[in-house]
Structures are given as structure tokens and as C-alpha cells.
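# Close look at the chain arrangement
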Amino acid sequence: VQLQASGGGLVQAGGSLRLSCVGSGRTSSNYAMGWFRQAPGKEREFVAAINWSGESTYYADSVKGRFTISRDNAKNTMYLQMTTLKPEDTAVYYCAGGSIYVPSNFKRRQGYNYWGQGTEVTVSS
């Protein structure tokens, strides 16, 4: 599975962005998908995840209520709608996919086998 993330950019605090992640190769719709981010000098951290059907979603506490993850399996595409952005949301955002079914594993990087190249999000204050 190849993943291609896009949609990053520069936005003012309080603004919105929508990230997309398109899958190709093996049917990415069979996999759980997630978003992680990595700020300069920090470790990559979990942001949000969604199960293969889209029925279950998971969020980091820092983005809960501001970000929404969704997927369109017919288009092999996952989205991350980000609203009320804050400067601390500045990071490179990576999409990932894996065969994950246990809820506690959705937030763990180790559960994901496939990673996109990242798209940069910068939130100015």
C-alpha cells in the first residue's frame, strides 16, 4: 500500500485545514488508518485514527473536539478536518495504515505498517 498525504499549508491561529491521504496498491480500504504528527525536536505522536469501516474513531486529547477524521473507501481516501487550529498544532502530519482491530492499538505507531511521506502544517499566532 502506498499512501500520499496532502493538504498542509500555512494558516493563522483559529483557522481550518483539511488533510487528505490517498491510498494505492493493495486495497487500502481494508486497513485501519491514522494520522500522526511530528513537531521539530519532538517525537512523532498520535493524532487520530479510524477503523476500516469508518464506524470507530479515536482522537488524542489535544485535538478532541477540534479535529475530525473520516474516510471514503470508494475513493481510497482518508481525511482529517482540522478546525480552531493552534500554534501548537504546527508539525509534519503523516498518514498511516495497518491491520488494527484492538482499540488500544490504534494509538500506537507500531501497529501501522504503511506510512505516507508527510504534509507540513504551520499555524501562525
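Below: a short report on this structure. Model, not experiment: these values are computed from the prediction.

## Points about the packing of aromatic side chains
Given two aromatic rings, their pairing is described by the distance between the two centres and the angle made by the two planes. Tallied over the entire structure, the rule returns 6 aromatic pairs. Both rings, one in Tyr31 and one in Tyr114, keep their centres 5.4 Å apart while their planes meet at 70°; by these two values the pair is edge-to-face. Taken together, the residues Tyr31 in the loop between strand E3 (17-24) and strand E4 (32-38) and Tyr114 in strand E10 (residues 114-115) connect sequence positions 83 residues apart. The interplanar angle of 20° and the centroid separation of 4.4 Å between the aromatic rings of Tyr58 and Phe106 together place this pair among those described as stacked. One end of the pair, Tyr58, is in strand E6 (residues 57-59); the other, Phe106, is in the loop between strand E9 (91-98) and E10, with 48 residues separating them in the sequence. Judged by relative accessible area, Tyr58 falls into the buried class, the value being 18%. In this structure Phe106 comes out as buried when scored by relative accessible area, which is 1%. Taken together, the ring pairs in this structure connect Phe36, Phe46, Tyr112 and Trp115 into an aromatic cluster.

Calculation notes
Residues numbered from 1 in each chain as written. Predicted model: local features only at pLDDT ≥ 70, side-chain atom pairs only at ≥ 80, totals over all residues. Heavy atoms only, no water. Phe/Tyr/Trp six-rings, centres within 6.5 Å; stacked < 30°, edge-to-face > 60°. Helix = DSSP H or I, 4+ residues; strand = E, 2+ residues; numbered from the N terminus. Buried < 20%, exposed > 50% of the residue type's maximum accessible area, 1.4 Å probe, protein only.

The analysis is restricted to geometry; functional conclusions fall outside its scope.
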